Amino acid sequence: MLSEVSVSSTSVGRRDGQRQAPSKSPAPVALSRTSEKEPPPYGAQHHQDALWEGGNDALPPLWHQFQVSDLTVYQDDTLVIATINRPLPGVRLDDPGDLVDPIWEWHISPFGRSYFVNHNTRTTSWNDLKPERPAGSLTPERIIEGHSKYIWSLAYLKASCNVMSASEDGSIRQWKRDGEPVGKSWEGGGGPVQSIAVHLDDTMVVSGSLDGRLRLWNVKEGSMIGDPWEGHDAPVRCLDWSPDALEIASGSQDGTIRRWNPDTGRQMAPLIKTSYGWVMAVKYSPQGDKIISGGGRGRPICVWSRDGKLLIEIKGYDAVVTSLCWSKDGAHIFSGSADHTIRKWRAIDGKELVVLRGHTNAVRSLCLTPNERYIVSASDDYSVRIWDLQTNQAVGDPLLHDDRVFAVAVAPAGKCIASAGIGGKIYIWSLDAALERHQGADDNNAKLKGRPAQPRVVRQPIPNTGGSAKYGKDFFVDHSNNHTSPSANSSFNWRSLFGSLRFSARPTDAPRPSPRESRRWNFSLHPVGKSSRTVDVALAQDEDRYGITPETDAEAAAAMQRTNSNQADNSTQPGQPAAGAQASQVQPLQTQAQVSTVGLEDIACGVSCCGTFIGFRRSASHQP
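Residues numbered from 1 in each chain as written. Predicted model: local features only at pLDDT ≥ 70, side-chain atom pairs only at ≥ 80, totals over all residues. Heavy atoms only, no water.

A. Layout of the side chain of Arg173. Topologically, Arg173 is positioned in strand S10 (residues 171-175). For the buried residue Arg173, which engages in no salt bridge, the nearest side chain bearing the opposite charge is Asp169, 6.3 Å off. A distance of 3.3 Å separates the side chain of Arg173 from the backbone oxygen of Gly146, its partner in a polar contact. Once you skip the residues sitting within four places of it in the chain, Arg173 turns out to touch Gly146, His147, Val163, Met164, Ser165, Pro181 and Ser185. (Helix = DSSP H or I, 4+ residues; strand = E, 2+ residues; numbered from the N terminus. Buried < 20%, exposed > 50% of the residue type's maximum accessible area, 1.4 Å probe, protein only. Lys, Arg positive; Asp, Glu negative; His and termini not counted. Salt bridge = Lys/Arg side-chain N within 4 Å of Asp/Glu carboxyl O. Polar contact = N/O pair within 3.5 Å; in protein donor to acceptor, adjacent residues only side chain to side chain. Contact = heavy atoms within 4.5 Å.)

Structure representation (structure tokens):
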């Protein structure tokens, strides 16, 4: 369903009048959305005529559509979610795996309002499912509020460790770690701000907006430097400063990369035309001699020379590449994608080295820690994850948000992480606390591993031979797989990407994702690479509980000897252990009947059970 890139909820009108705005439905009718107090009842999800103005031939109120390559995407601007399925009553708008819980579905009411179906409770709701934070999970050090709409981009200032945020509300703001705002918000009049990048010496910030213009800002004064830079024909999705700070690269939804002189605001080289519909990520190499870019679905990561020549195409994705970064030595490239993965590539030849799996929805943003030991990722699965690049495993449990996460940044000192997205709030996390918690879990695991192994009884499963006469044929049937999983070949999540990449002023983001654990989230809270094994224990049958085995001649003789000994010791003095008690110390723990025959006159029997031996004899003449 939704998720290649998200678009802005505002229409994409072109400044010069040449760009065509995405088609929108007629103005909403007062009767439509406001008249519905309750969503349609459970079971009412069937095809019917639309009752909004224009009926089935028009989009619902407060929806718009746009093109991405050869795909038509429809977006609900109220909930900021998008779908490639035309919104009509009775049409399921999500694809399996798009929502937080796979048992939910997204539909639209006859009057044009999105609602959600919960097959667990057989109910419907106007609100999308929100995850619950498990008890004991790591909480943010601070939550910073101030933006009125979702946040697209974050960046840290090196000297002060203040964090910069760019929002759909059209503003850029600076915050101290304690959440206090620094000065007033910066507003340049270009609509939603979708990307920012900070100058190496913290003196300037460049921003890219929905109107396709770039703006340069003085950090100290909080004011715009000069006029906006014009050139792109669509919103600016990504920005980066060159290492020598002599140029800025920008990527746009017009499919081009442009390079700018920050002193003049003019383009300083021919534009680079990519094969992407939208350019989602652009980054200079640490040496400044190359630029990498990523974008459209199934398109390669491209490595360009600084003069715009294509050097390498790194292929391997079927989904949109949403984020890129370099290692400090320029030897490796890291990428995040709508296919839920993070990948490590060798820069010289594009060879894939590592695939990190664990997110259950599109990865929207990546950032390396200063020591390059860890990489941090933000995802549409409502989480931030920390990955250890030495073990290629996730560190601890996910850091949880209340909604999709679009941006992540690591402080210059590597002590904290900032993340933000749909909720419009900035979460500040202690990286040290996350690592310490993970180390503590590892220490506990090491202690457990040091304990002596406990004996285990291995039992074979009982085959289902037709069920039980008492309970029927379903008694032994496996009912654990109650719900159908999406196909491993299902397309990547359109909801998360288009639901927040904006064409106007509103944001977005397996194999089949791993089933989510019972935190009412649809993703696993176990660190990637560590799995919980399930042990199936079959129902007991009589032959499993005890066994009687035929005795050997030697066993019969031994039993007879013990029996005779028991009779001889019946006169044991007080305080002396009985022969039967002595024998019990060496008997096996299994139940075994032992029978011995002594001629034709006497029969001696012995039974050992649970460490105790009991013997007796009787005359053969008493046999029936």
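B. Region of interest: the sheet that holds strand S28 (residues 352-356). One open sheet accounts for 4 strands, arranged S25-S26-S27-S28; its pairing is antiparallel. Each edge of the open sheet carries a strand with a single partner, namely strand S25 (321-326) and S28. Along the sheet, successive strands turn relative to each other by an average axial angle of 20°, direction set aside. Here 4 bridges tie strand S27 (residues 342-346) to S28, and the two strands are oriented antiparallel to one another. Residue pairing in the sheet places Lys344 in a bridge with Val354 of S28. (Pairing = 2+ DSSP bridges. Axes fitted to C-alpha atoms, helices over the stretch in contact; angles between N-to-C directions.)

C. Local environment of the packing of aromatic side chains. Tallied over the entire structure, the rule returns 10 aromatic pairs. Ring centres of Trp104 and Phe116 lie 6.5 Å apart, and the angle between their planes is 45°; this geometry places the pair in the tilted category. Highlighted residues: Trp104 in strand S4 (residues 104-108) and Phe116 in strand S5 (residues 114-118), separated in sequence by 12 residues. Of the two residues, Trp104 and Phe116, both sit in the buried class. Their ring planes at 85° and their centres at 6.0 Å tell us that Tyr150 and Trp152 sit as a pair that is edge-to-face. A relative accessible area of 6% means that Trp152 is categorised as buried. Aromatic ring contacts, followed pair by pair, group Tyr150, Trp152 and Phe406 into a single cluster. (Phe/Tyr/Trp six-rings, centres within 6.5 Å; stacked < 30°, edge-to-face > 60°.)

D. Highlighting unusual backbone geometry. Residue Ala245 is not a glycine yet carries a positive backbone phi of 60°. For Ala245, a relative accessible area of 14% corresponds to the buried category. The backbone phi angle of Glu372 is positive, close to 60°, even though this residue is not glycine. Tracing the chain through its elements places Glu372 in the loop between strand S29 (363-368) and strand S30 (374-379).

So far we have only geometry, and geometry alone does not tell us how the molecule works.
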